[in-house]
Amino acid sequence: MGFVPDITAAMPQPTTPLPYLIIDFDSTFTQVEGLDELADIALQGHPDREKVVGEIRALTDRGMSGSLSFSESLQQRLALLPARREHLPVLVEQLKGKVSESIVRNRSFFERFPGRVYIVSSGFREFIEPVVADFGIQADHVLANTFTFDQDGRITGFDPDNVLSRDGGKILQLRELDLSGDVYVLGDGYTDYQIREAGLANRFYAFTENISREAVVARADEVLPSFDEFLYQNKLPMTLSYPKNRIKVLLLENPDVRAAELFRAEGYQVDSVPGGLDEEELMERIEGVSILGIRSKTQVTQRVLDKANRLIAIGAFCIGTNQIDLTEAMKRGVAVFNAPFSNTRSVVELALGEIIMLARRIPEKSPKMHAGEWDKSAKGSFEIRGKKLGIVGYGNIGSQLSVVAEAVGMQVLYYDVAEKLQLGNAVRCRTLPELLQQADIVTLHVDGRKDNTNLIGAAELAMMKPGAILLNNARGHVVDVPALAAALRSGHLGGAAVDVFPYEPKTNDEGFESELRGLPNVLLTPHIGGSTAEAQRNIAEFVPERIMQYINTGNTQQSVNFPNIQLPTQQAHRLIHIHANVPGVLARINNVLAAHHVNILGQYLKTNEQIGYVITDINQEYDQEVIKALREVEHTIKFRVLY
Ligand SMILES: NC(=O)c1ccc[n+]([C@@H]2O[C@H](COP(=O)([O-])OP(=O)(O)OC[C@H]3O[C@@H](n4cnc5c(N)ncnc54)[C@H](O)[C@@H]3O)[C@@H](O)[C@H]2O)c1
Ligand SMILES: O=C(O)[C@H](O)COP(=O)(O)O
């Protein structure tokens, strides 16, 4: 399954006449080199297996990149290879499971045009023929070397009369073939390029899905990260509606490397920018980007979204999404996903640690020790057992902290603007002042909505008990920092821990400025509440999975700005329509389908105040006019098709 941003490019008619495709076998049709695999099989249990296989691989590579003549590379490899006839069926089975993914995906293309495809390989017919036969490619379209065997079935070498065993063998073979019409060569090796160099092909495509060789890529007319890309460029029928390698991902603020790995494994192009980008910088980088990955710092504003001409989804690799203009993204059909619980525990653990550290005045004592001052005293230090912890914002973090705090003997009070399940013995406060007046320690875990700006200001701080402690691990703008600094300086508050700030440095190279610096019993941390190995790894898996599911199936479960739909397995084609939520759009979609006699297999609709999200599964038979008409339905924001 795949998606179509521009449906006019979908299901094109084949170019006529179709050019001849000369496709290399090793590392192109299959993901691996056949001889390397054969060596691995033949040397099973051999003490020098790794060494010999390594030598063979190195010789293969030198032959492929052109640094060793092909015939020498082949001779030297076969001399090292203790293979026998009975190893070949094992190899064939292995290779059948290692056909390149994009070739497997487009099996129907090969089945449809067998007469236009030749496999021209310096590998061996004995293992190539049975593998490509599964794709409808006949033996007479396989041009490859053949092994020689001794009486005991041991492979002794190759047939020297076969032109493919010689240097320039592919050139000789193409001359013999004498094809009339356009000839395109697809391969990963230098010998594939040489066909084009010799004037026997119109185009050479470097196939880099499995391996990318600099010398080969440098000489290619086009680089193909997948066979889909070849089909797409040549408007040939393909299984995906859009090559995944054309989907560009831009990752900012260093999410865990796993995120890039997952996107790359899906076939997307991934670019990373360490640190954040400001609005102007992001406006310059966002054009052509399909997936944007950010953390808490990057502001995705309306101006940024105006420049985002291909954006499908935004991944917030964190919990907070207040840095994104969610409504504007939604109006443009851009779905936003975050990781709502992947770092929850990390923040809870930090908060608990901070409570204990502040209750024992560690921020003062530790620097003194480092300065050589021994200040043993119990003054101002207390146990947290029995103390009242006031949690403001009883969401995922607040409620989990509630459980952990009770486990260490604290009495929990909480205040939330929404009705929340009261956990354990926690006591609900009806108003914020009610909580502030009672708590020994107040900890903030509200979300970053604009209305929460200065939720805790001078008046609220004044309501807190003398000597009380304040924690802000939520968002910087929630606390009026100058007022907090004043309350600490005056001694009204006994301490504070602050992890988040109204302005945070863009990178680690920028300095940190705050009125809170240098104040007694204050723990300052650089927005690291969620920065643990576990949390970052979880986030880096959670967010790409949601985004890829959305792109591949239309599933919007857990999107923070789209109507959430958990879809059943796709049947045949899936039409995904995002439109402004005005009356009558669904009816118009269905009128188009009815007018074109398209059979609906299933239809799912969900709306919110701004948009409607309708998914229609239809049967195989439909023509391009339907798609065109659906795109033209009034109030359409985005439309795509999954095959
Ligand atoms: N320091 C960090 O590194 C870090 C890490 C993760 C999350 N966070 C931040 O922590 C905060 C909480 O995260 P969460 O996952 O628990 O979010 P959540 O959405 O699950 O919970 C937030 C709760 O706050 C309540 N709330 C909102 N405004 C309120 C108000 N004015 N008064 C009382 N209650 C209010 C909401 O009803 C909700 O129950 C968010 O701001 C998030 O961005 C910070
Ligand atoms: O919203 C969050 O999850 C936290 O604020 C963490 O943000 P970060 O990923 O930028 O550290």
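Within each chain, residue numbers correspond to sequence positions counted from 1 in written order. Note on labels: chains are lettered from A, ligands numbered from 1, in written order. Given that the model is predicted, a residue must reach a pLDDT of at least 70 before its local features are reported, and side-chain atom pairs must reach 80 or more before they are shown or counted; all residues, however, enter totals for whole chains, interfaces and linings. The side-chain quantities take in all heavy atoms of the structure and omit both hydrogens and water.

Asker: What is the right way to read the environment of Ser 226 from this model?
Answerer: Mapped onto the elements, Ser 226 comes out in the loop between β8 (222-224) and α12 (227-233). Under the scheme applied here, a residue whose accessible area is under 20% of the maximum for its type counts as buried, over 50% as exposed, and between as partly exposed, the area being computed with a 1.4 Å probe on protein chains only. Exposure remark for Ser 226: the relative accessible area of 6% places this residue in the buried category. Here, two residues are considered to be in contact whenever any of their heavy atoms come within 4.5 Å of each other. Those residues in contact with Ser 226 that lie beyond four places of it in its chain are Ser 102, Phe 207, Glu 209 and Asn 245. Note on conventions: DSSP H or I runs of at least 4 residues are helices, E runs of at least 2 residues are strands, and numbering of each starts at the N terminus.

Asker: Sorry, what's going on with the site of ligand 1 here?
Answerer: The environment of ligand 1 is formed by 29 residues, the closest being Ile 397, Asp 416, Val 446, Asn 452 and Asp 499. Here a polar contact is taken to be a pair of N or O atoms separated by no more than 3.5 Å, where protein atoms must pair a possible hydrogen donor with a possible acceptor and residues adjacent in sequence count only if both atoms sit in side chains. With respect to ligand 1, the side chain of Asp 416 contributes an N or O atom lying 2.6 Å from an oxygen atom. Gly 530 places a polar main-chain atom, nitrogen or oxygen, 3.1 Å from an oxygen atom of ligand 1. Burial of ligand 1 by the protein amounts to 90% of the accessible area it has alone, namely 870 Å². Amino acids outside the nonpolar list (Ala, Val, Leu, Ile, Met, Phe, Trp, Tyr, Cys, Pro) and the charged list (Asp, Glu, Lys, Arg) are all regarded as polar, and Gly is one of them. Looking at the shell around ligand 1, its residues break down into 11 nonpolar, 12 polar and 6 charged. One heavy atom suffices: a residue is near a molecule or strand as soon as one of its heavy atoms comes within 4 Å of it. Using the Shrake-Rupley algorithm and a 1.4 Å probe, accessible areas are obtained, with residue cover drawn only from the displayed protein chains.

Asker: Could you clarify how one ought to interpret the site of ligand 2 in this entry?
Answerer: Taken together, the residues surrounding ligand 2 are Arg 295, Ser 296, Phe 317, Cys 318, Ile 319, Gly 320, Asn 343, Arg 475 and His 527. Ile 319 is positioned such that a nitrogen or oxygen atom in its backbone is 2.6 Å from an oxygen atom of ligand 2. One nitrogen or oxygen atom from the side chain of Arg 475 is found 2.6 Å from an oxygen atom belonging to ligand 2. Protein chains shield 91% of the accessible area of ligand 2, which is 310 Å² for the free molecule. Considering only residue class, the shell around ligand 2 consists of 3 nonpolar, 4 polar and 2 charged.

Asker: What should I look at first to understand empty space enclosed by the protein in this one?
Answerer: Gaps left between atoms show up when a probe the size of a water molecule is rolled over them. Points on a 1 Å grid, built from protein atoms alone, make a cavity when a 1.4 Å probe fits but cannot get out and make a pocket when they are open with protein on both sides within 12 Å along at least 5 of 7 lines; residues with an atom within 4 Å of a point are the lining residues. Grid points are joined across faces, edges and corners, and a volume is the space filled by probe spheres set on the points. Counted under the stated rule, the structure contains 3 cavities of 30 Å³ or more. Each pocket or cavity is described by its volume, and for the largest cavity that value is around 130 Å³. Elements with a contribution of two residues or more to the lining of the largest cavity: α2 (34-42), α4 (70-80), β2 (117-124) and α10 (190-197). Top contributing element to the lining of the largest cavity by residue count: β2, with 3 residues. For the lining of the largest cavity, the residue count by class is 4 nonpolar, 6 polar and 6 charged. Empty space within the second largest cavity amounts to approximately 40 Å³. In this structure, the second largest cavity is lined by Phe 70, Ser 122, Leu 164, Arg 166, Gly 168, Gly 169, Lys 170, Thr 191 and Gln 194. When contributions to the lining of the second largest cavity are tallied by element, the ones reaching two or more residues are α9 (169-177) and α10. Taken together, the residues that form the lining of the second largest cavity break down as 2 nonpolar, 5 polar and 2 charged.

Asker: Hey, could you run me through the nonpolar core in this one?
Answerer: Side chains that are nonpolar tend, in soluble globular proteins, to be buried together. In this structure, Phe 29, Phe 109, Phe 110, Phe 227, Phe 230, Phe 263 and Tyr 550 are the most contacted members of the largest nonpolar core, which totals 90 residues. Phe 110 has contacts with Ile 23, Phe 29, Ile 103, Val 117, Phe 135, Ile 137 and Phe 227, leaving out every residue within four places of it along the chain. For the purposes of this section, nonpolar cores are sets of buried Ala, Val, Leu, Ile, Met, Phe, Trp, Tyr and Cys residues that join through side-chain atoms within 4.5 Å. Residues Leu 435, Leu 470, Leu 493 and Leu 519 belong to the second largest nonpolar core, which totals 31 residues.

Asker: Honestly, the confidence of the model for the chain in this entry has me stumped. Any pointers?
Answerer: Atomic detail in the predicted coordinates should be set aside for any region of low pLDDT. Along the chain, pLDDT gives the predictor's confidence residue by residue, from 0 to 100. Per-residue confidence for the chain gives a mean pLDDT of 93, with 97% of residues at or over 70. If you check the scores for this complex, the pTM reads 0.83 and the ipTM reads 0.99.

Asker: Would you explain the sheet that holds strand β7 (residues 203-207) in this entry?
Answerer: Picture the strands of a sheet paired through backbone hydrogen bonds; they go either parallel or antiparallel. If you trace the 6 strands from one edge of the open sheet to the other, you get β3-β2-β1-β6-β7-β8, paired in parallel fashion. In the strand order of this sheet, the two ends are held by β3 (142-145) and β8, each with one partner. For this sheet the average axis-to-axis angle between neighbouring strands, irrespective of direction, equals 20°. Here 3 bridges tie strand β1 (residues 20-23) to β2, and the two strands are oriented parallel to one another. Of the residues in β2, the one forming a bridge with Ile 23 is Ile 119. To get an axis, a line is fitted to the C-alpha atoms, and for a helix only the part in contact is used. The angle between two axes follows their N-to-C directions and goes from 0 to 180 degrees. Strand contacts of α9: β1, β2, β3 and β6 (183-187), with the helix running at about 145° to β2, the strand carrying the most contacts. Pairs of strands are assigned from DSSP output, requiring at least two bridges between the strands.

Asker: What's the story with the sheet that holds strand β24 (residues 636-642) in this structure? I'm lost.
Answerer: Spatial ordering of the open sheet is given by β22-β23-β21-β24, a layout of 4 strands whose pairing is antiparallel. With partners counted over all chains shown, the strands left at the sheet margins are β22 (600-607) and β24, one partner each. With strand direction ignored, the average angle separating the axes of adjacent strands in the sheet is 10°. In this structure, strand β21 (residues 573-580) lies alongside β24, joined through 6 bridges in antiparallel fashion. Across the sheet, the residue bridging to Ile 576 is Arg 640, located in β24. Set on the sheet, helix α23 (residues 533-553) makes contact with β21, β23 (611-618) and β24; between it and β24 the angle comes to about 80°.

Asker: Sorry, what's going on with the packing of aromatic side chains here?
Answerer: For any pair of aromatic rings, geometry is given as the distance between the ring centres together with the angle between the planes. Two rings from Phe, Tyr or Trp (for Trp, the six-membered ring) form a pair when their centres sit within 6.5 Å of each other. Planes less than 30 degrees apart are called stacked, planes more than 60 degrees apart edge-to-face, and all others tilted. As enumerated under the stated definition, the model contains 29 aromatic pairs in all. When the centroid spacing of 5.6 Å and the interplanar angle of 85° are considered together, the rings of Tyr 232 and Tyr 242 count as edge-to-face. Remark: Tyr 242 occurs in the loop between α12 and β9 (248-252) and Tyr 232 occurs in helix α12; sequence separation between them is 10 residues. In this pair, the class of Tyr 232 matches that of Tyr 242, namely buried. Measuring from ring centre to ring centre gives 5.6 Å for Phe 562 and Tyr 613, while their planes differ by 70°; the resulting arrangement is edge-to-face. Taken together, the residues span a long stretch of sequence, with Phe 562 in the loop between α23 and β21 and Tyr 613 in strand β23 at a distance of 51 residues. Both a distance and an angle decide whether a charge sits over a ring: NZ of Lys or CZ of Arg must be within 6 Å of the ring centre and within 35 degrees of the ring normal. Positioned above the aromatic ring of Phe 135, the side-chain terminus of Arg 107 is 4.2 Å from the ring centre.

Asker: Please clarify how the pairing of strand β10 (residues 269-273) should be interpreted in this entry.
Answerer: The two faces of the sheet receive side chains in turn, since in a regular strand these alternate between them. Relative to β10, β9 is paired through 5 bridges, and the arrangement is parallel. Across the sheet, Leu 252 pairs through a bridge with Val 273, a residue of β10.

Asker: Looking at this model, I keep getting lost on the side chain of Asp 416. Mind explaining?
Answerer: Relative to the assigned elements, Asp 416 resides in the loop between β15 (411-415) and β16 (427-428). A distance of 2.6 Å separates a polar atom in the side chain of Asp 416 from the backbone nitrogen of Tyr 394. Looking at Asp 416, its side chain comes within polar contact range of the main-chain nitrogen of Ala 418, at 2.8 Å. When neighbours within four sequence positions are excluded, Asp 416 is seen to be in contact with Gly 393, Tyr 394 and Gly 395.

Asker: Would you take a moment to explain the packing of helix α17 (residues 344-359) against helix α19 (residues 396-407) for this structure?
Answerer: The description of two packed helices rests on the angle between their axes and on the distance between the axes. Between α17 and α19, the shortest axis-to-axis distance is 9 Å and the interhelical angle comes to 50°. Taken together, α17 and α19 sit at an angle that is classed as oblique. α17 and α19 meet at a crossing whose hand is right-handed. Residues Thr 344, Arg 345, Val 347, Val 348, Ala 351 and Leu 352 of α17 form the contact with α19, whose own contacting residues are Asn 396, Ile 397, Gln 400, Leu 401 and Val 404. For classification purposes, an angle smaller than 35 degrees is called roughly parallel, one larger than 145 roughly antiparallel, one from 65 to 115 roughly perpendicular, and anything else oblique. By convention, the crossing between two helices is left-handed when the near helix turns anticlockwise from the far helix through less than a right angle, and right-handed when the turn is clockwise.

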